[in-house]
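Summary of the model geometry
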Amino acid sequence: MEKVVIIGSGPSGLTSAIYTARAALSPVVISGMQPGGQLTTTSVIENWPGFVDGIDGNKLMNDMREQAEKVGARMLTGSVTKVEVTNKGTFLIKRDYEEDIEAKVVIVATGASAITLPLPNKDKLMGYGLSTCAVCDGFFYRNKKVAVVGGGDSAMEEATYLSKLASEVILIHRSDKFRASKAMQERVIANPKIKIIYSTDVVDTLANDKGLTGVITKDKSGKTKEIMVDGLFMAIGHHPNTDFVKGLVNMDEKGYILTQNGTHTNIPGLFAAGDVEDKLYRQAITAAGRGCQAALQAEKFIEGMEH
C-alpha cells in the first residue's frame with residue numbers, strides 16, 4: 001500500500017512529488033506517455049522565475065525530476081489506464097503491462113494536450129516556428145510576422161496577445177464565421193494589426209534549416225497559396241488527459257476535472273492539479289503552484305486518516 005501516487009510528471013506532478021517526499025510520504029510518480037510533460041517540447045522557457053536568460057524545457061524538467069528523486073520520490077515509467085476506488089476507500093491504479101498499485105491518496109497531474117494540425121513537418125518544427133502557446137513563445141516574435149489558426153475564444157486571445165508583440169498577425173480560420181464570443185470577435189476585427197482570412201485551411205509549412213518560414217493554405221475552391229510568416233500558432237483547443245478517470249470524478253463537458261476548495265475532487269483522497277483541471281491559465285508556473293497545493297492537501301488528508 002502506497003501513501004501517495006502521483007499520476008503525471010510535468011511541473012504539477014513533480015512539484016507534488018517534491019512536497020510530499022519532503023513530508024516523508026514516499027510518493028510514487030507514474031511518468032506517463034510524455035515524461036516531463038508539454039515543457040519537454042519547448043526549447044527555451046523565458047517566463048519561469050529565476051532564469052535570467054531562460055532555460056531549456058528538457059533541462060528544467062530533468063532537474064525537477066532529479067530534485068524529486070533526491071528528496072525521496074520514486075519514479076515509475078508507463079501509463080495509467082484506470083483508477084478505481086476499492087471497498088476500503090483506497091485507490092487501485094491500473095497500468096499498461098504492469099501490476100496494479102494500491103494507494104491511500106492519488107494526485108492526478110496528467111495535464112492537457114494541445115490539439116494540433118496534421119502538418120507533415122509538425123514534430124520537426126515544434127519550437128522552431130510552430131507553437132501552441134502565445135504567452136509562452138510570443139516574445140520570440142517581437143516585430144515579426146505571425147499566423148494564428150483557429151476560430152474560438154483561444155484563437156482570439158492568442159491573436160490579440162500576439163498583436164502587441166508582432167508586426168502583423170494573420171488569423172486563418174477554416175470557416176466563414178468564428179465560434180468565439182461576440183465581444184472577442186469584435187476586438188479582433190477592430191484590431192488594425194490583425195488580418196483575417198476566412199474559409200481557408202493551413203495544409204503545409206515552408207521551412208529552412210533554422211525553422212519555419214511560411215505556411216501553405218488552401219481555400220474552399222481548392223486554390224493554394226504561400227504566406228510567408230516567421231511563426232504559426234495553433235489555437236484550436238486543448239484536450240485534458242483524463243480518459244482514465246472518466247466516470248469516477250466529476251468533469252466539465254470538455255473533460256477537465258472539477259475541483260473545489262483548492263485541488264479536492266468529489267472523491268475523498270483524489271486530488272487534481274495543473275492543466276488537467278485548469279483551462280484558464282495553462283502555464284507551467286500555475287501548474288507547479290497547484291501541484292504544491294495538492295501535495296499539502298494530500299498530506300492533511302493522510303494525517304486525518306491516520307488519527
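For the structure, check the block above.
The notes below deal with the structure included here. Because the structure is predicted, anything quoted here is derived from the model rather than measured. Each residue is numbered by its place in its chain's sequence as written, counting from 1. Local features in this predicted model are restricted to residues of pLDDT 70 or higher, and side-chain atom pairs are both shown and tallied only at a pLDDT of 80 or more, whereas totals for entire chains, interfaces and linings draw on every residue. Side-chain numbers here rest on the full set of heavy atoms in the structure, without hydrogens or water.

**Concerning the overall build of the chain**
Where helices and strands are cited, they refer to DSSP runs of H or I of at least four residues and of E of at least two residues respectively, numbered from the N terminus. For the chain, the helix and strand inventory stands at seven helices and 17 strands. Computation of the radius of gyration draws on C-alpha atoms alone. For the globule rule, the value is 2.2 Å times the number of residues to the power 0.38. Against the compact-globule benchmark of 19 Å for 307 residues, the chain has a radius of gyration of 21 Å, which places it among compact chains. Seen through its C-alpha atoms, the chain measures out along the principal axes to roughly 65 × 40 × 35 Å. The buried share of the chain, taken over its 307 residues, is 49%. Contacts: residue pairs with any heavy atoms within 4.5 Å of one another. A fraction of 58% describes how many contacts in the chain between residues 6 or more apart in sequence connect residues 24 or more apart. Only the protein chains shown count as cover for residues, and the accessible areas themselves come from Shrake-Rupley with a 1.4 Å probe. For the chain, the exposed surface amounts to about 15200 Å²; the carbon and sulfur share of it is 51%. Across the chain, the 35 positively charged side chains and the 36 negatively charged ones have centroids separated by 4 Å. Here the term buried applies to any residue with accessible area under 20% of the maximum for its type, exposed to any over 50%, and partly exposed to those in between, with areas from a 1.4 Å probe on protein chains only. Within this scheme the basic residues Lys and Arg register as positive and the acidic residues Asp and Glu register as negative, but His and the chain ends are omitted. Where a charge sits is defined by one atom per residue type, namely NZ (Lys), CZ (Arg), CG (Asp) or CD (Glu).

**Quick notes on the environment of glycine 289**
Summarising the element assignment, glycine 289 is placed in helix H7 (residues 284-306). Residues glycine 289 and serine 16, 273 residues apart in the sequence, show an inter-C-alpha distance of 9.1 Å.

**Quick notes on the packing of helix H5 (residues 153-163) against helix H6 (residues 182-189)**
Throughout, an axis means a line fitted to C-alpha atoms (over the contacting stretch in the case of helices), and angles, computed between N-to-C directions, take values from 0 to 180 degrees. Across the interface, H5 lies against H6 with an axial gap of 10 Å and an inter-helix angle of 30°. Classified by chirality, the crossing of H6 by H5 is left-handed. On H6, the residues touching Asp153, Met156, Glu157 and Thr160 of H5 are Met184, Gln185, Arg187 and Val188. Here a crossing is taken to be left-handed if its near helix is turned anticlockwise relative to the far helix by less than a right angle, and right-handed if that turn runs clockwise.

**Examining the packing of helix H1 (residues 11-22) against helix H2 (residues 57-70)**
Look at H1 against H2: their axes get within 9 Å of each other, and the N-to-C directions meet at 20°. By the angle between their directions, the pair H1 and H2 is classed as roughly parallel. When you trace H1 past H2, the crossing you get is left-handed. Taken together, the residues of H2 that come into contact with H1 (itself represented by Pro11, Leu14, Thr15, Ala17, Ile18 and Ala21) are Met61, Met64, Arg65, Gln67 and Ala68. Per-class residue counts for the contact of H1 with H2 are eight nonpolar, two polar and one charged. Oblique is the label for any angle not covered by the other classes, which are roughly parallel (under 35 degrees), roughly antiparallel (over 145) and roughly perpendicular (65 to 115). Any residue outside Ala, Val, Leu, Ile, Met, Phe, Trp, Tyr, Cys, Pro, Asp, Glu, Lys and Arg is labelled polar, Gly included; the first ten of those are nonpolar and the last four are charged.

**Here's the deal with the packing of aromatic side chains**
Stacked, edge-to-face and tilted labels apply to pairs of Phe, Tyr and Trp rings (six-membered ring for Trp) whose centres lie within 6.5 Å, assigned for plane angles under 30 degrees, over 60, and everything in between, in that order. Scanning the entire structure with this criterion turns up four aromatic pairs. Each ring, one from tyrosine 141 and one from phenylalanine 233, has its centre 5.4 Å from the other, and the planes form 80°; the classification is edge-to-face. Taken as a pair, tyrosine 141 in the loop between helix H4 (134-137) and strand S9 (145-149) and phenylalanine 233 in strand S15 (residues 231-234) lie far apart in primary sequence, 92 residues in all. Centroid distance phenylalanine 178 to tyrosine 198: 5.3 Å. Interplanar angle 45°. Geometry classified as tilted. Of this pair, phenylalanine 178 sits in the loop between strand S10 (168-172) and H6 while tyrosine 198 sits in the loop between strand S11 (194-197) and strand S12 (200-208), and the two are 20 residues apart along the sequence. Classification of phenylalanine 178 as buried rests on a relative accessible area of 8%.

**Some thoughts on the sheet that holds strand S13 (residues 211-219)**
If you walk across this open sheet you meet the three strands as S12-S13-S14, and the pairing is antiparallel. Each edge of the open sheet carries a strand with a single partner, namely S12 and strand S14 (224-228). Ignoring strand direction, the axes of neighbouring strands in this sheet form an average angle of 30°. Here the rule is simple: two strands pair whenever DSSP picks up at least two bridges between them. Note: S12 against S13, eight bridges, orientation antiparallel. Directly across from aspartate 201, in S13, lies its bridge partner lysine 218.

**A word on H7**
Compared with the 33 Å implied by 1.5 Å per residue over 23 residues, the 33 Å span of H7 between its first and last C-alpha is a close match. Buried within H7 are the following residues: Ala284, Ala287, Ala288, Arg290, Gly291, Cys292, Ala294, Ala295, Gln297, Ala298 and Ile302. Among the structural elements, strand S1 (2-7), H1, strand S6 (98-108) and strand S17 (270-272) are those in contact with the buried residues of H7. Helices are assigned an expected span. That span is 1.5 Å times one less than the residue count.

**A word on the pairing of strand S4 (residues 80-85)**
As defined by bridge partners, S4 adjoins strand S5 (residues 91-95) across five bridges and the pair is classed as antiparallel. Looking across to S5, one finds that valine 80 is bridged to arginine 95. Hairpin remark: S4 followed by S5, antiparallel, with five residues in the connecting loop; positive phi at glycine 89, about 85°.

**Section: the environment of glycine 127**
Relative to the assigned elements, glycine 127 resides in the loop between helix H3 (122-125) and strand S8 (130-131). Of the residues examined, glycine 127 reaches a relative accessible area of 29% and is grouped as partly exposed.

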